[in-house]
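Summary of the model geometry
Spelled out, the chains give:
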Amino acid sequence: MAILKILKYGDEVLRKKSKEVSKISKKIRILIENMIDTMYANNGVGLAAPQVGENLRIFVIDVSMDDEPLNPMVFVNPKIIKKSGAIKSNEGCLSFPKAYVDVRRYKNVMVKALDINGRPFVIEAKDGELLARALQHEYDHLDGILFIDHSRNIFDATQVLEENNLPPLEQDKLVCEDELEEEIVKQEKQDSANNEGK
Ligand code: ZN
């Protein structure tokens, strides 16, 4: 087992599209085990293969709480087969030390993937729970998309990156999410109206 070096924002490997895994060989299994160890060593919720320099479609996630047993989940060649709703998510990333930014995500997702033994499985995450957001965050890494590309407020995001000595936002990478933003704003208005009623 080994703790791998995590690439930081600015490394071009993070912007490349990753390739499908054709066979879960011994080498791939070792990579997955090392990714799990690296995620835990850095107190991460998830880690994608490009973050450790491998442009392969693999990520690992563990959303268990501190008082719960570890529950590493492995996703090989994942596909998002359903997504709906919208939610605001305050996210960080092991490739962006100490930088947290508000981003837009789908509220519900369904993902199909292979486990470490090559067996297919489907997982559903709902109501904007941590798993739903983590699945989207890690999946994006496989397409060279980073969480800051989903920033709700580019001025805030720019400032956060600057404060943490990270390279600036890449304007041409920003994802257009007008529909998600509309839905989030609608919810926020509703929430504040509900709070005022109390
Ligand atoms: Zn990340």
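Here's what I pulled together on the structure shown here. (Residues numbered from 1 in each chain as written. Predicted model: local features only at pLDDT ≥ 70, side-chain atom pairs only at ≥ 80, totals over all residues. Heavy atoms only, no water.)

Here we take up the layout of surface pockets. Empty space within the largest pocket amounts to approximately 460 Å³. Elements represented by at least two residues in the lining of the largest pocket include exactly β4 (87–93), β5 (96–105) and α2 (130–142). Class assignment for the residues of the lining of the largest pocket results in nine nonpolar, eight polar and four charged. Of the pockets and cavities examined, the second largest pocket occupies roughly 290 Å³. Forming the walls of the second largest pocket are Y40, N43, G44, V45, D62, V63, S64, M65, D66, E68, L70 and L130. (1 Å grid on protein atoms, 1.4 Å probe; cavity = no way out; pocket = protein on both sides within 12 Å on 5 of 7 lines; lining within 4 Å. Points joined across faces, edges and corners; volume = space filled by probe spheres on them. Helix = DSSP H or I, 4+ residues; strand = E, 2+ residues; numbered from the N terminus. Nonpolar A, V, L, I, M, F, W, Y, C, P; charged D, E, K, R; others polar.)

Turning our attention to the coordination of the zinc ion. Within the protein, the atoms that donate to the zinc ion are C93 (SG), H137 (NE2) and H141 (NE2), at distances of 2.0 to 2.2 Å. Read from N- to C-terminus, the donor residues coordinating the zinc ion fall into the pattern C-x43-H-x3-H. Of the two residues, C93 sits in strand β4 while H137 sits in helix α2, which places them 44 residues apart along the sequence. Judged by its relative accessible area of 10%, C93 is buried. Residue classification places H137 among the buried residues on the basis of a relative accessible area of 7%. (Donors = N, O, S within 2.8 Å, 3.2 Å for Na, K, Ca; no water. Buried < 20%, exposed > 50% of the residue type's maximum accessible area, 1.4 Å probe, protein only.)

Bringing the environment of K107 into the picture now. With respect to the element layout, K107 can be found in the loop between β5 and β6 (108–114). With a relative accessible area of 27%, K107 lands in the partly exposed category. In this structure, the C-alpha to C-alpha distance between K107 and L180, residues 73 residues apart in sequence, is 9.8 Å. K107 has contacts with S84, G85, A86, I87, A125, K126, D127, G128, A132 and Q187, leaving out every residue within four places of it along the chain. (Contact = heavy atoms within 4.5 Å.)

The subject of this paragraph is the pattern of salt bridges. According to the stated counting rule, one finds 13 salt bridges in the structure shown. For the salt bridge of R104 with E177, the shortest nitrogen-to-oxygen distance reads 3.1 Å. A residue pair is termed long-range when its members are at least 10 positions apart, and R104 in strand β5 and E177 in the loop between α3 (154–163) and α4 (178–196) qualify at 73 residues. With respect to class, R104 is no different from E177; both count as buried. The salt bridge partner of E181 is R152, with a shortest N-O separation of 2.8 Å. Of this pair, E181 sits in helix α4 while R152 sits in the loop between α2 and α3, and the two are 29 residues apart along the sequence. With relative accessibility at 19%, the residue E181 sits in the buried group. (Salt bridge = Lys/Arg side-chain N within 4 Å of Asp/Glu carboxyl O.)

For the rest of this paragraph, the subject is α2. Here α2 is 13 residues long and its end C-alpha atoms lie 19 Å apart, about the 18 Å a rise of 1.5 Å per residue gives. Burial analysis of α2 places 11 of its 13 residues in the buried class, which makes it a mostly covered element. L131, A132, A134, L135, Q136, H137, E138, Y139, D140, H141 and L142 are the residues of α2 that are buried. Downstream of α2 by a residue or two, G144 has a phi angle that is positive, lying close to 75 degrees. (Expected span 1.5 Å × (residues − 1).)

Across the two faces of strand β2 (residues 58–61) the burial is the same, with I58 and V60 and F59 and I61 all buried. Here three bridges tie strand β1 (residues 46–48) to β2, and the two strands are oriented antiparallel to one another. Paired with G46 across the strands is I61, a residue of β2. Pairing of β2 with strand β3 (residues 73–84) involves four bridges; the strand directions are antiparallel. By the bridge assignment, V60 is partnered in β3 with V74. (Pairing = 2+ DSSP bridges.)

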